[in-house]
Amino acid sequence: MFGQSILSLVIWVPILAGVAVLATGSDRNAGLARWVALAGALLGLIVAVPLVSGFDTATSAMQFVEKTAWIPAFNIHYHLGVDGISMPLILLNSFITVLVVIAGWKVIQDKVAQYMAAFLIMSGLINGVFASLDGILFYVFFEGMLIPLYLIVGVWGGPNRVYAAFKFFLYTLLGSLLMLVSMIYLYFQSGGSFDIQTWHTTTLGMTAQTLMFFAFLLAFGVKVPMWPVHTWLPDAHVEAPTGGSVVLAAITLKVGAYGFLRFILPILPDASHEYAWFVIMLSLIAVAYIGLVALAQSDMKKLIAYSSIAHMGFVTLGIFMFSPLGVEGGLVQMISHGFVSAALFLCIGVMYDRLHSRQIKDYGGLVNKMPVFAAFFMLFAMANAGLPATSGFVGEFMVIMAATKVNFWFAFVAATTLIFGAAYTLWMYKRVVFGSITNPKVEDMSDVNPREILLLGALAICVLGMGLYPKPFTDVMHVSVVDLLAHVAQSKLP
Amino acid sequence: MSTLSMNLAQFVPALPEIFVLVMVSLILIIDAAVDDSKRYLSYVLSLLTLAGAAFLTARDLSSMPVLTLGGLFIDDPLSDVLKLFLYLTVAVVLVYSRDYLRERGLYKGEFFVLALFALLGMMVMVSASHFLSLYLGLELLSLSLYAMVALQRDSSVATEAAMKYFVLGALASGMLLYGMSMVYGVTGSLALGDMAIALQDGTDMRIPLVFGVVFIVAGLAFKLGAVPFHMWVPDVYHGAPTAVTLFIGSAPKIAAFAFVVRILGQGLESQVVEWRDMLVILAVLSMAVGNIAAIAQTNLKRMLAYSTISHMGFMLLGILAGSQNGYGSAMFYVLVYALMSLGSFGMILLLSRAGFEADKLDDFKGLNQRSPWLAFLMLLLMFSMAGVPPTVGFYAKLAVLQAVMEIGYVWLAVAAVMLSLVGAFYYLRIVKLMYFDTPHDTTPITTSPDTRIIMSANGLAVLALGILPQPLMAVCMFAIGASF
């Protein structure tokens, strides 16, 4: 019955579930709100399953396409579809949403319904971002997701949440507004179409391409975030509640990188080649310099936030290698980082719920009190450091290989992440988990409960599974990536 | 006999105006006869008047322009659509204002009579096709508004605001008349249609014509509240009773749009190169000054006044495009703006009570804890004002931006979005106050059910039109397309 509208379901089920959660009202019905939210999140994941089972890996064409006129006055369509690049991201998002709902189960006691609803609605909007094939539809989802995220950071965040929420919102709005102007320009250049696939074939002069390249770069670079427009991320991460950090790191950062693949490369191929060096430089700075910055952090969340920036530098680096290996490596890294960063923020959340501190110095000797937790944390720390057999290794290795083919020094600088990543992650791990207990409060900490084991266990399976056998992931994206790169290799100059 | 029926027939297109005039006179008489306990009669009669006028307008919707009354009056799709929105806006204003007026002893016939006279003025402005009728409508509107601002006789702030409004308004009218007389001198006609024909092939009296256009644009800018002719806006919005601010901030903007489009778009269409550059300056300055000055405000009415200035700048972007697409976009923008303005000033009215105005920014602190529903509606309104999707404010901005880019003014679009980024800050601040802060005032919010329902409809309309903007967009494009 719904066979023709799977993508609509993937978008609207979480949003409507969010509205249903809101309808449960005040905190007196908090229990009900939690169960409705969980049901909605699970349903959102279930309706996304047909995307995998019915996906044809042999074609790069858009699948599960839906198209109806939406605003005929401006030729705007409700046009949805996924390819091998966007489908895994939708699945990742639907999966993470379930985890986030469970993660907030006990921790959030204030305005529960609004908290859960914000996450569900945002999940639907993000699915919309990945599934949109119309520029304005994309923009609506892309901007709309800022509203729930603004509220999540601002309402349930830490002491400096207001500053972080404003900084985050205005930063991202700055980027997207210039993108909007570019989109309107493309509308006129393509003879009155907001269709992204039509834009892919629109011829554009070099000046226009250059200007739009930087407009889009700002829009997506802020989201990724790339150095030097990354400064909102540590603030937002530190102040956001655990669930907020998980979604920020695991999902919203991917929106930026996705934009590179859907907009910048195929629409502006000549400018992309011309200014690839610029993006590569920024990516390498992110990898090396931000890695060093992470080393100096005393706040665990901030450390992981900087580590996210460094890892996303790998993604943009891989994309601008213009080889299937590099782009696929970037995509694998995106998904892997989705799992690993989500897991690490959940780990920090587990500790924070017990000790109410994110400072590394307040911990130490955790392994004595929380052995199971320490084992999980170990796995995720290793994955973050890029240890082989974890998902973190696959993407980084692919990108470094791709970089070696282009230029040895790119690969050399990128490879430093294996050292810095290991250094900051493992050093943090050592200080937090090993050693003797110096803080008396650590004595009272209890090990992870079944709910937390469920969360961390699910992510551990993903991290190991993807690390040991990444082929299903690369199979899904391979044809789309090859086709994209073939398209990017052709000049669009008039 | 046949000449008589001929003469009567030409009044038919103006039936809504005649009906409103008759009803206002009736209300004036009835209101003088009833005491305060039966004052609701005037209220109900006013709403009935609006419903009747809406019926009369909707009964014969014209699909093409009909010029009547010796070329003074035009009945076209543009005027029909705008009039229907005017009735709706004024009706919502009356509903929102009722409790506020009653608590302040302003629940008098004068308010209703003046509001309806102002409406009549706006209807004439919307339907005028002649400098005389345009001016007549404008003055009827303006004089009613001056009196409404001063309705609270013992408030010195309100009186000062009314005085300021009157003096500057009269100055603007003078400039407008001066400009009109120069254009008349060049073209020899006061009717917009004849004027357009006379100017089509150019004229050898360029200098008087350009001077005339300059004066007309300056007068229009005064009435719109565009920078640098905006000085009256914050003071009037702040000083007037909130119910009157609500009125001034909503319906007259729709009429002003029609006024500007009729004069510039229909009468002086051929002079687009002259007035476009002036509008560019007005638009950029309005967006800049409006958005930046709004940040510094602590009074919500004043903040919204500056926000109005910036929104008028945005609306001008559509008009300066000088194309049907542009006028349609500007019309969409102004209707959306009226909707948002109704909602946000209406919220101030809803939260106010006897002896408490709720017009400070801090009065919105922690609204989410006091009333999650009202906070949510205000959230929608604020994000819509900021132009964030999926609210309708985004499509309004999108429409005018694409109109500007169609004529190749990319830099103007970039400037506009950058200034709207500045604007986003102060709208976000309201959301911050409502959601992130704790209330310092925990008095329960009491609202009558009908205002609550209208407010909910108003707030949700911003979201619903954001998800499905096509119907309103199509109406605007049709009205402009069929009238030009």
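Thresholds applied
- Residues numbered from 1 in each chain as written.
- Chains lettered and ligands numbered in written order.
- Predicted model: local features only at pLDDT ≥ 70, side-chain atom pairs only at ≥ 80, totals over all residues.
- Helix = DSSP H or I, 4+ residues; strand = E, 2+ residues; numbered from the N terminus.
- Rg over C-alpha atoms; globule rule 2.2 N^0.38 Å.
- Buried ≥ 20, exposed ≤ 12 C-beta atoms within 10 Å, placed from the backbone.
- Contact = placed C-beta atoms within 7 Å.
- Nonpolar A, V, L, I, M, F, W, Y, C, P; charged D, E, K, R; others polar.
- Pairing = 2+ DSSP bridges.
- Axes fitted to C-alpha atoms, helices over the stretch in contact; angles between N-to-C directions.
- Parallel < 35°, antiparallel > 145°, perpendicular 65-115°, else oblique.
- Left-handed = near helix turned anticlockwise from the far one by under 90°.
- pLDDT = per-residue confidence, 0-100.
- Expected span 1.5 Å × (residues − 1).
- Bend = angle between axes of the 7 residues up to and from the residue.

This part takes up the overall build of chain B. Within chain B, the regular secondary structure consists of 21 helices and 2 strands. The C-alpha atoms of chain B give 22 Å as radius of gyration, which agrees with the globular expectation for 484 residues (23 Å, within 12%). Each principal axis of the C-alpha distribution contributes one length, and for chain B these read about 70 × 60 × 40 Å. Here chain B, with 484 residues, has 57% of them falling under the buried criterion. Sequence separation of at least 24 residues holds for 79% of the intrachain contacts in chain B that already meet a minimum separation of 6.

What follows is about the interface of chain A and chain B. With 29 residues of chain A at the contact, the number on the chain B side is 25 residues. Secondary-structure elements contributing two or more residues to the side of chain A that touches chain B are β1 (63–71), α5 (135–144), α6 (146–156) and α7 (161–189) of chain A. In terms of residue count, α7 of chain A provides more of the side of chain A that touches chain B than any other element does, 15 residues in total. Among the residues forming the side of chain A that touches chain B, the class breakdown is 25 nonpolar, 2 polar and 2 charged.

Right, let's get into the pairing of β1 of chain A. All names here are of chain A. The pairing of β1 with strand β2 (residues 76–82) spans 6 bridges and is classified as antiparallel. Each residue of the ladder has a partner; that of E66, found in β2, is L80. From the end of β1 to the start of β2, which pair antiparallel, there are 4 residues, and N75 there has a positive phi angle of about 60°.

Our focus in this paragraph is the packing of helix α13 (residues 272–295) of chain B against helix α19 (residues 410–436) of chain B. Residues and elements named next belong to chain B. The interhelical angle for the contact between α13 and α19, taken along N-to-C directions, is 20°, at an axis separation of 8 Å. Overall, the two elements α13 and α19 adopt an arrangement that is roughly parallel. Of the two possible hands of crossing, α13 and α19 adopt the one that is left-handed. Here V280, V284, M287, A288, N291, I292, A294 and I295 of α13 come into contact with α19, specifically with L412, A415, A416, L419, V422, G423, F425 and Y426. The residue makeup of the contact of α13 with α19, split by class, is 14 nonpolar, 2 polar and no charged.

This next bit is on the packing of helix α14 (residues 300–320) of chain B against helix α18 (residues 392–406) of chain B. Residue and element names in this part refer to chain B. As a packed pair, α14 and α18 sit with axes 8 Å apart at the nearest point and diverge in direction by 40°. Classed by the angle they form, the pair α14 and α18 counts as oblique. Judged by the sense of rotation from one axis to the other, the crossing of α14 with α18 is left-handed. Here α14 contributes F314, L317 and G318 to the contact with α18, which in turn contributes K397, A399, V400, A403 and V404.

Confidence along chain B averages 89 in pLDDT terms, with 99% of residues attaining 70 or more. Across the whole predicted complex the pTM is 0.91, and at the interface the ipTM reaches 0.90.

Right, let's get into the confidence of the model for chain A. Residues at a pLDDT of 70 or more form 99% of chain A, whose mean pLDDT is 85. When mean pLDDT is taken per element in chain A, α5 of chain A scores highest with 91 and helix α16 (residues 366–369) of chain A scores lowest with 79.

Residue and element names in this part refer to chain B. Over its 19 residues, helix α20 (residues 449–467) extends 27 Å from the first C-alpha to the last, a length consistent with the 27 Å expected when each residue adds 1.5 Å. At A461, α20 is bent by approximately 30°, the largest bend along its length. By the burial criterion, the buried members of α20 are M455, N458, G459, V462, L465 and G466. Those residues of α20 hidden inside the fold are in contact with α4 (77–103), α15 (324–351), α17 (372–386), α18 and α21 (470–483).

Right, let's talk about helix α7 (residues 156–187) of chain B for a bit. Given a rise of 1.5 Å per residue, 32 residues ought to cover 46 Å, and the 46 Å separating the end C-alpha atoms of α7 of chain B matches this to within 8%. Where α7 of chain B terminates, the next one or two residues include G188 of chain B, which has phi positive at roughly 70°.

Another point: the environment of Q152 of chain B. All names here are of chain B. Assignment of secondary structure puts Q152 in the loop between α6 (131–149) and α7. Along the backbone, Q152 and L220 are 68 residues apart, and their C-alpha atoms lie at a distance of 28 Å. The residues touching Q152, leaving out its near neighbours within four places in the chain, are L106, A158 and P241.

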